[in-house]
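Residue-level structure breakdown
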Amino acid sequence: MECTINIIGIGGIGNPLTTLITKTMSYKMAEDDTLLIRVIDGDKIETKNLQRQGFAVSQIGENKAIAMAKLIGVMFSDSRITVEPVHLYLTPTNIDLITEGSINFVAADNYKTRWIVEQKAITMKDVMVIFGGNETFDGDCHLVHIENGALLTKLYSEKHPEIANPKDKLPTEVGCAEAMDDNPQIILTNMACANAMVTMLFSRLEGIFKRKPWSELSNISSIYFDVITGNQRCQ
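Let me begin by describing the structure that accompanies this report. (Residues numbered from 1 in each chain as written. Predicted model: local features only at pLDDT ≥ 70, side-chain atom pairs only at ≥ 80, totals over all residues. Heavy atoms only, no water.)

**Overview of the packing of helix H1 (residues 14-28) against helix H2 (residues 64-75)**
What counts is decided by this rule: Here, axes are lines fitted to C-alpha atoms. For helices the fit covers the stretch in contact, and angles between N-to-C directions go from 0 to 180 degrees. Secondary structure elements are taken from DSSP: a helix is a run of H or I of four residues or more, a strand is a run of E of two residues or more, and numbering for both begins at the N terminus. In these notes the angle categories are as follows: under 35 degrees is roughly parallel, over 145 is roughly antiparallel, 65 to 115 is roughly perpendicular, and the rest is oblique. Crossing handedness: left-handed means the near helix sits turned counterclockwise from the far one by under a right angle, and right-handed means the same turn made clockwise. We call two residues in contact when some of their heavy atoms are within 4.5 Å. Lys, Arg, Asp and Glu make up the charged group, whereas Ala, Val, Leu, Ile, Met, Phe, Trp, Tyr, Cys and Pro make up the nonpolar group; the residues left over, Gly among them, are polar.
The geometry of H1 relative to H2 is characterised by a closest axis approach of 11 Å and an angle of 40° between their N-to-C directions. By the angle class used here, H1 and H2 are oblique. Crossing angle aside, the handedness with which H1 passes H2 is right-handed. Counted together, Asn15, Thr18, Thr19 and Thr22 of H1 and Met68, Ile72 and Met75 of H2 form the full contact between these two elements. Looking at the contact of H1 with H2 residue by residue, the class counts come to 3 nonpolar, 4 polar and no charged.

Right under this line is the structure:
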């Protein structure tokens, strides 16, 4: 079976997420399965990123998507898996990177990106989108799953109606640092969010690779977590 995974945003969440997805998928894939993982980000690595993101000092100034693909190539080798960097921000002009049958992880830190991804998804017949985000100490992830043209979960905008009228801009319109200054991040919460997003995928891998119907799989579509209390709530 062929599978495509897009990881949108290779920052505090997307960085550990890429490693987790690569190793999780390798564990679950059959010998004749193939996987394309696209890492999508137009941002460059800055010194301040090293505190939360798994890049090397020598990579400062490199594009995050290209640097992430290099790191995966050094850390991990599986001939069934190809990691392809896309050194651009996701915008309406390249939204067709989200293709039929793809699995998409949205780790971008702005509402407008999440909104254009959801709007693309609802035009499709078969697609999975896992949105993840966090504040300083808590966060959540949410699955939007469309199968045979039917929406099997709630939309992300139903859970977070604020994304339908985003007050922020795409990264191509304003720097992400502006948002980060108002919303301080810590690595523990970023990693908790990445772990929750992969957990959401893992519960459905039997359906992806063995074509089991949705009714036989986990019906969890949202995970909320808090790193201070240790609480995790699934819905």
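Still more to cover.
**Some words on the environment of Glu2**
Structurally, Glu2 can be placed in strand S1 (residues 2-8). Sequence separation between Glu2 and Thr34 is 32 residues; the distance between their C-alpha atoms is 4.9 Å.

**Looking at the packing of aromatic side chains**
Using the following cut-off: Stacked, edge-to-face and tilted labels apply to pairs of Phe, Tyr and Trp rings (six-membered ring for Trp) whose centres lie within 6.5 Å, assigned for plane angles under 30 degrees, over 60, and everything in between, in that order. Under the scheme applied here, a residue whose accessible area is under 20% of the maximum for its type counts as buried, over 50% as exposed, and between as partly exposed, the area being computed with a 1.4 Å probe on protein chains only.
This model, assessed by the stated rule, comprises 1 aromatic pair. Relative to Tyr156, the ring of Phe131 has its centre 4.3 Å away and its plane inclined at 10°; by these criteria the two rings are stacked. Here Phe131 is found in strand S5 (residues 127-134), whereas its partner Tyr156 is found in helix H4 (residues 156-159), with 25 residues between them in sequence. A relative accessible area of 1% places Phe131 in the buried class. Under the relative-accessibility criterion, Tyr156 is labelled buried at 1%.

**Topic: the nonpolar core**
Definition in use: Only buried residues count toward a nonpolar core, which is a set of Ala, Val, Leu, Ile, Met, Phe, Trp, Tyr and Cys residues joined through side-chain atoms within 4.5 Å.
In this structure, Ile5, Leu17, Ile21, Met25, Ile37 and Phe105 are the most contacted members of the largest nonpolar core, which totals 39 residues. The element best represented in this core is helix H6 (residues 187-202), accounting for 7 residues. Counting 22 residues, the second-largest nonpolar core is a separate cluster that includes Val86, Leu97, Val129 and Ile146.

**With respect to helix H3 (residues 111-121)**
Using the following cut-off: We define a polar contact as two N or O atoms separated by no more than 3.5 Å, with the added condition that, inside protein, one atom must be a possible hydrogen donor and the other a possible acceptor, whereas residues neighbouring each other in sequence contribute only through side-chain atom pairs.
Every buried residue of H3 is listed here: Thr113, Arg114, Ile116, Val117, Glu118, Lys120 and Ala121. Contact partners of the buried residues in H3: S1, strand S4 (103-106), S5, strand S6 (138-147) and H4. If you check the start of H3, you find a side-chain oxygen 3.4 Å away from the backbone N of Lys112, and it comes from Asn110.

**Looking at H2**
As a reminder of what qualifies: In a helix, the anticipated span is given by 1.5 Å times the number of residues less one.
Taking 1.5 Å per residue as the helical rise, H2 with its 12 residues ought to reach 16 Å, and the 16 Å between its terminal C-alpha atoms agrees with that figure. Buried within H2 we find Lys64, Ala65, Ala67, Met68, Ala69, Leu71 and Ile72. Residues of H2 that are buried sit in contact with H1, strand S2 (34-40) and strand S3 (81-86). Of the residues flanking the start of H2, the one acting as N-cap is Asn63, its side-chain oxygen 2.9 Å from the backbone nitrogen of Ala65.

**Details of unusual backbone geometry**
Although it is not a glycine, Asn148 sits at a positive phi angle of roughly 55°. Relative to the assigned elements, Asn148 resides in the loop between S6 and strand S7 (150-151). When its relative accessible area of 58% is taken as the criterion, Asn148 is described as exposed.

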